Amino acid sequence: MAISLDYLDELDRALLEQGEDCMLLSQLDGFLTGILVSPDLIVPSQWLRMVWAGEDGTGMPVFSDIGGLQHFTDLVMHHYHVILGSLGQAGSFEPVLEVDTRTDEILWEMWVEGFGQAMDLAPAGWQRILDDDDPGCRAAIAGIRELRSFADGTRTLSRAAEDRWDREAPSLIPIWVEMLHQWRVENDPHRPTAIKRQKIGRNDPCPCGSGRKYKKCCGLN
């Protein structure tokens, strides 16, 4: 099935249809961005099921027909490659951030949560950046970690600091991401820069993580 030109709207709907355990669009965008700029390569088999697994890791995908899971995966991987393409052009990366329609406030919390989940998958790589003592990248990691701790409630900020982050975070996030991406490129030039989309074979393990073959799980009519 072809990916439509307005795929982000379609991806947004597909994520919402998977229920409350599934990532929302802004969270997924942050998650995929974190996967791509991670100093250590993280392949889809390591992260794909996290899209719908939820906080407790038990969420399962629900699809109405044999092509549903494949198309969902294609949409996610298409967005993965769109982000990758933007990172390859300096100044082109833009995070997908929610906007509060009542106040026009840009909401960065979900995006940061997703990026943080990606960081948790390969912590050793991020530590290498900190050990390298690059001041810009160290500041980027510190900023993302501070935003995440505030977003998840593990840290309380003063009202002034909260207002400052609300003003500055939407502009700082793209800068941080591009610095971290550049560090990865410069320090690991042989790492693959793209991952091909793969069709799910009927006898392949189901990407939902059930342990069953695709034809006997999400591939059932």
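Small disclaimer: the values here were computed from a predicted structure and weren't measured.

Basis of the calculations
- Per chain, residue numbering runs from 1 following the sequence as it is written.
- Only residues with pLDDT of at least 70 are given local features in this predicted model, and only at 80 or more are side-chain atom pairs given and counted; all residues enter the totals for whole chains, interfaces and linings.
- Values shown for side chains rest on all heavy atoms present in the structure; no hydrogens or waters enter the calculation.
- Numbering goes from the N terminus for both helices and strands, where a helix is a DSSP run of H or I of at least four residues and a strand is a run of E of at least two.
- For the exposure calls, accessible area comes from a 1.4 Å probe over protein chains only, and a residue counts as buried if that area is under 20% of its type's maximum, exposed if over 50%, partly exposed in between.
- The contact rule is simple, with two residues in contact once any of their heavy atoms fall within 4.5 Å.
- For every accessible area listed, the method is Shrake-Rupley and the probe measures 1.4 Å; residues are considered covered only by the protein chains on display.
- Throughout this description, the term salt bridge denotes a Lys or Arg side-chain nitrogen within 4 Å of a carboxyl oxygen of Asp or Glu.
- Pairs of N or O atoms are called polar contacts if they sit within 3.5 Å, as long as, within protein, a hydrogen donor faces a hydrogen acceptor (for residues adjacent in sequence, only side-chain-to-side-chain pairs).
- Arc, as used here, means the arc of the directions from the helix axis to the C-beta atoms.
- Throughout this description, the term nonpolar core refers to a set of buried Ala, Val, Leu, Ile, Met, Phe, Trp, Tyr and Cys residues connected via side-chain atoms within 4.5 Å.
- The angle between two axes is taken between their N-to-C directions and runs from 0 to 180 degrees, where each axis is a line fitted to C-alpha atoms and a helix contributes only its stretch in contact.
- Crossing chirality is assigned from the near helix's rotation relative to the far helix, an anticlockwise turn below a right angle marking it left-handed and a clockwise turn marking it right-handed.
- Polar here means any residue other than Ala, Val, Leu, Ile, Met, Phe, Trp, Tyr, Cys and Pro, which are nonpolar, and Asp, Glu, Lys and Arg, which are charged; Gly is therefore polar.
- Patch membership is restricted to residues that have no salt bridge and whose relative accessible area is over 30%. Joining uses 9 Å for like charges and 5 Å for the nonpolar side chains Val, Leu, Ile, Met, Phe, Trp and Tyr.
- Note on charges: Lys and Arg go in the positive column, Asp and Glu in the negative column, and His and the chain ends are not counted at all.
- By convention, charge coordinates are those of NZ in Lys, CZ in Arg, CG in Asp, or CD in Glu.
- One fewer than the residue count of a helix, multiplied by 1.5 Å, yields its expected span.

K.L.:
Whenever I open this one, the overall build of the protein confuses me. Can you help?
P.N.:
Looking only at helices and strands, one finds 9 helices and 2 strands in the protein. The order of α-helices and β-strands along the protein, N terminus first, is α-α-α-α-α-β-β-α-α-α-α. Going through the 221 residues of the protein one by one, you find that 45% of them count as buried. Relative to all contacts within the protein whose residues are 6 or more apart in sequence, the contacts with residues 24 or more apart total 69%. Carbon and sulfur atoms make up 51% of the accessible area of the protein, which amounts to about 11600 Å² in all.

K.L.:
Hey, could you run me through the pattern of salt bridges in this one?
P.N.:
Opposite charge on two side chains permits pairing when their charged atoms draw close. If you walk through the whole model with that rule in mind, you get 8 salt bridges. Among the salt bridges present, the one from Arg 159 reaches Glu 162, with a minimum N-O distance of 3.8 Å. Placement of the pair is Arg 159 and Glu 162 together in helix H9 (residues 159–187), with a separation of 3 residues, close to one helical turn. Relative accessible area serves as the criterion here: at 58%, Arg 159 is assigned to the exposed category. Judged by its relative accessible area of 22%, Glu 162 falls in the partly exposed class. The closest approach of N and O atoms between Arg 159 and Asp 163, which form a salt bridge, is 3.5 Å. In this pair, Arg 159 and Asp 163 are both assigned in helix H9, 4 residues apart and thus about one turn of the helix distant. When salt bridges that share partners are traced, they join Arg 159, Glu 162 and Asp 163 into one network.

K.L.:
Quick question: what am I supposed to make of the side chain of Gln 27 here?
P.N.:
Checked against the element boundaries, Gln 27 lands in helix H2 (residues 25–37). A distance of 3.5 Å separates the side chain of Gln 27 from the side chain of Glu 113, its partner in a polar contact. If we skip the residues at most four places from it in the chain, Gln 27 touches Met 110, Trp 111, Glu 113, Gly 114 and Gln 117.

K.L.:
What is the right way to look at helix H1 (residues 7–17) in this model?
P.N.:
Within an α-helix, residues lying three or four positions from one another point in the same direction, as the helix has 3.6 residues per turn. Where H1 is concerned, the buried positions are Tyr 7, Glu 10, Leu 11, Ala 14 and Leu 15. Projected down its long axis, H1 shows its buried positions confined to an angular sector of 135°, all on one face. Relative to its buried face, H1 has exposed residues pointing more than 90 degrees away, namely Leu 16 and Glu 17. Just downstream of H1 lies Gly 19, where phi reads positive at about 95°.

K.L.:
Just to check I follow, could you spell out the nonpolar core for this structure?
P.N.:
Nonpolar side chains in soluble globular proteins tend to be buried together. Counting 54 residues, the largest nonpolar core has Leu 28, Phe 31, Trp 47, Val 51, Trp 108, Phe 115 and Leu 180 as the members making the most contacts within it. When contributions to this core are tallied by element, the ones reaching two or more residues are H1, H2, helix H4 (50–53), helix H5 (68–87), helix H6 (109–121), helix H7 (123–132), helix H8 (135–151) and H9. Residue contributions to this core peak at 9 residues, all from H5. Excluding anything up to four places from it in sequence, Trp 47 contacts Phe 31, Leu 32, Ile 35, Ile 42, Val 76, Met 77, Tyr 80 and Leu 121.

K.L.:
Where do I start with the packing of H6 against H8 in this structure?
P.N.:
At a closest axis distance of 9 Å, the pairing of H6 and H8 adopts a crossing angle of 115°. At the point where H6 passes H8, the crossing takes the left-handed sense. Within the contact between the two elements, H6 uses Glu 109, Val 112, Phe 115, Gly 116, Gln 117, Met 119 and Asp 120 and H8 uses Ile 141, Ile 144, Arg 145, Leu 147, Arg 148 and Ala 151. When the residues that make up the contact of H6 with H8 are grouped by side-chain class, the tally is 7 nonpolar, 2 polar and 4 charged.

K.L.:
How do you make sense of a negative patch on the surface when you look at a structure like this?
P.N.:
A cluster of acidic residues, Glu 20, Asp 21, Glu 55 and Asp 56, forms a negative patch on the protein surface. In this fold, Glu 20 is placed in the loop between H1 and H2. Glu 20 sits in the exposed class, given a relative accessible area of 81%.

K.L.:
I tried to follow the environment of Asp 100 on my own but got confused; where do I start?
P.N.:
By secondary structure assignment, the location of Asp 100 is in the loop between strand E1 (98–99) and strand E2 (106–107). In this structure Asp 100 touches Glu 105 and Leu 107, once residues within four positions along its chain are discounted.

K.L.:
I keep staring at H2 and nothing clicks. Help me out?
P.N.:
Given a rise of 1.5 Å per residue, 13 residues ought to cover 18 Å, and the 18 Å separating the end C-alpha atoms of H2 matches this to within 8%. Counting buried positions along H2 gives 13 out of 13 residues, so the element sits mostly inside the fold.

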